[in-house]
Structures are given as structure tokens and as C-alpha cells.
Amino acid sequence: MGVPVSRVVRQVVTEHAPQERELLDAVERMTPRDRRRHLETSRERRQEPSTVDFGLEVVVPLVTPVLWLVLTEAARETAATAVRASAQAARSRWRRFRGRGREPEGEPEITLPLSAEQLGMVRDTVLTQCVETGLSTARATAIANAVFYELSTSAGREESSGREESSGREESSGRDESLGQGESAGRDVTPDGDDGGREPR
């Protein structure tokens, strides 16, 4: 089970940096390679403490680049952990993949559930990176706590959604089966003396 990086970023940005939602839309439309290049460039530049030039037609606040880069790295680490727990062949493929330095072509996902240690590391990294980019400690803490909450509760929400979906399918299947049996019984049972409505000869 995994949660897309974009979903976590969007949830936190919507709550704590709603002015960045348009920017987040632009980031999501980029290819993985272009996205990482722009985000890393924006983080490395030392300009105004609260904003950086993102190379687009907007001035980008720092929350989105920080969250996306930190969570993408978390996705890589959780994926690597999952691979190490699998067969040797899978581990070899992953090492070759990482050795080429390629970006994943699809949406990065964080494998859930995370351990308490992993959750703490992600939270601390978000907090540190946010402070380093110039955000106040209070705001950085709120953002880091929001990331922690999203990652710690996403697994439960996904499982609950899956159970509800499965239950709904079972109930629908049961109703269809009962309805089918009722219709079949109605066709098979004919009242005594009923000759099917045919005229006597």
C-alpha cells in the first residue's frame, strides 16, 4: 500500500500554504526529471528568505519545493526497504536502477505504513528544511506536524476505504443474487389450474 507524494503535498499545501496551489498544479504537470531539476535549483538558490525564482512565470514560496523533495526521497527510501525485503533478483534490479541515476517515470509513492522511526525522520527533515529556507520555527513546525499526521493516518484511511468498497460490492452482489432467485421462482411457479393463458380447444 502506498500514498502518492502529490497527495500528501497537496493536502499540506492546501491547509498551510493555499497560495501555492497554482504552483503545485504546474509542478505536477512536469516530467519527473524536469520537476526534480527545477525544485533542486530553486532550493539551492539563495535569494529572498521567503521566496525563490522557480523559472516559471510565478514567484514560488518555499513550502512546495521542500515538501516535494523530502517526500520524494522518503518514497525512494521506503521503496528500497520494500525491495530489500523481497527476493534477491528484485534487489539486483533495484540496485541497477539506482545506479543509473534515473528518475522513476510514474508518480512517486511512499510505501505505507511507516514505522515510528521513519515518521519521525520525515517530520524532522521537513522541519529542518523549512527552517533553513527561512520559514519561522512555528510555521515550519506546523507544516512538519501536518506531514506527520498525513503519513500516519493515510494507511488507515486507505484500508477503511478498501473495506467499504469491498463491502459495497458484496452487498450489491447479494442483492443481485436475491433478485435473480426471486425472478426465477416467479417464472417457475404456476397457480393450480392455470394453463398459461392458452385458449381451450
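Please refer to the structure higher up on the page.
Residues numbered from 1 in each chain as written. Predicted model: local features only at pLDDT ≥ 70, side-chain atom pairs only at ≥ 80, totals over all residues. Heavy atoms only, no water.

Draft legend 1. Spotlight on the layout of surface pockets. Put simply, the largest pocket is a space of about 340 Å³. Around the largest pocket, the lining is made up of 15 residues, and of these V70, E73, A74, E77 and V122 lie nearest the centre. At the level of elements, helix 3 (32-44), helix 4 (63-84) and helix 6 (116-132) are the ones that each hand at least two residues to the lining of the largest pocket. For the lining of the largest pocket, the element with the most residues is helix 4, which contributes seven residues. Among the residues making up the lining of the largest pocket, the classes are represented as six nonpolar, four polar and five charged. (1 Å grid on protein atoms, 1.4 Å probe; cavity = no way out; pocket = protein on both sides within 12 Å on 5 of 7 lines; lining within 4 Å. Points joined across faces, edges and corners; volume = space filled by probe spheres on them. Helix = DSSP H or I, 4+ residues; strand = E, 2+ residues; numbered from the N terminus. Nonpolar A, V, L, I, M, F, W, Y, C, P; charged D, E, K, R; others polar.)

Draft legend 2. Looking closely at unusual backbone geometry. Residue P113 follows L112 across a cis peptide bond; omega there is -5°. Tracing the backbone shows P113 in the loop between strand 4 (109-111) and helix 6.

Draft legend 3. Quick peek at the pattern of salt bridges. Taken as a whole and judged by the stated rule, the model has five salt bridges. One salt bridge in this structure joins E28 and R10, with 2.9 Å as the shortest N-O distance. Within this pair, whereas E28 is found in helix 2 (residues 21-29), its partner R10 is found in helix 1 (residues 5-16), the two being separated by 18 residues in sequence. With a relative accessible area of 31%, E28 lands in the partly exposed category. Its relative accessible area of 26% is what places R10 among the partly exposed residues. Each of R10, D25 and E28 takes part in a single network of salt bridges with overlapping partners. (Salt bridge = Lys/Arg side-chain N within 4 Å of Asp/Glu carboxyl O. Buried < 20%, exposed > 50% of the residue type's maximum accessible area, 1.4 Å probe, protein only.)

Draft legend 4. Helix 2, seen in detail. Along helix 2, the residues that are buried comprise L23, L24, A26 and V27. Projection of helix 2 onto a plane perpendicular to its axis shows the buried side chains occupying an angular sector of 160°, all on one side. Among the exposed residues of helix 2, those oriented more than 90 degrees off its buried face are E22 and R29. (Arc of directions from axis to C-beta.)

Draft legend 5. Quick look at the nonpolar core. In this structure, L67, L71, I110, V126 and L151 are the most contacted members of the largest nonpolar core, which totals 36 residues. For this core, the element with the most residues is helix 4, which contributes nine residues. Other than its neighbours up to four places away in sequence, I110 contacts M1, G2, V3, V5, L71, A74, A75, T78 and L151. (Core = buried A, V, L, I, M, F, W, Y, C linked by side-chain atoms within 4.5 Å. Contact = heavy atoms within 4.5 Å.)

Draft legend 6. Representation of the packing of helix 1 against helix 2. At their nearest, the axes of helix 1 and helix 2 sit 10 Å apart, and the two run at 170° to each other. The angle between helix 1 and helix 2 falls in the class roughly antiparallel. When the axes of helix 1 and helix 2 are compared, the crossing they make is right-handed. Of the residues in helix 2, those in contact with S6, V9, R10, V13 and T14 of helix 1 are R21, L24, D25 and E28. Classifying every residue of the contact of helix 1 with helix 2 gives three nonpolar, two polar and four charged. (Axes fitted to C-alpha atoms, helices over the stretch in contact; angles between N-to-C directions. Parallel < 35°, antiparallel > 145°, perpendicular 65-115°, else oblique. Left-handed = near helix turned anticlockwise from the far one by under 90°.)

Draft legend 7. Structural detail: the side chain of S154. The residue S154 is located in helix 7 (residues 137-188) in this model. A distance of 2.5 Å separates a polar atom in the side chain of S154 from the backbone oxygen of E150. Excluding residues within four positions of it along the chain, S154 makes contact with V3 and L112. (Polar contact = N/O pair within 3.5 Å; in protein donor to acceptor, adjacent residues only side chain to side chain.)

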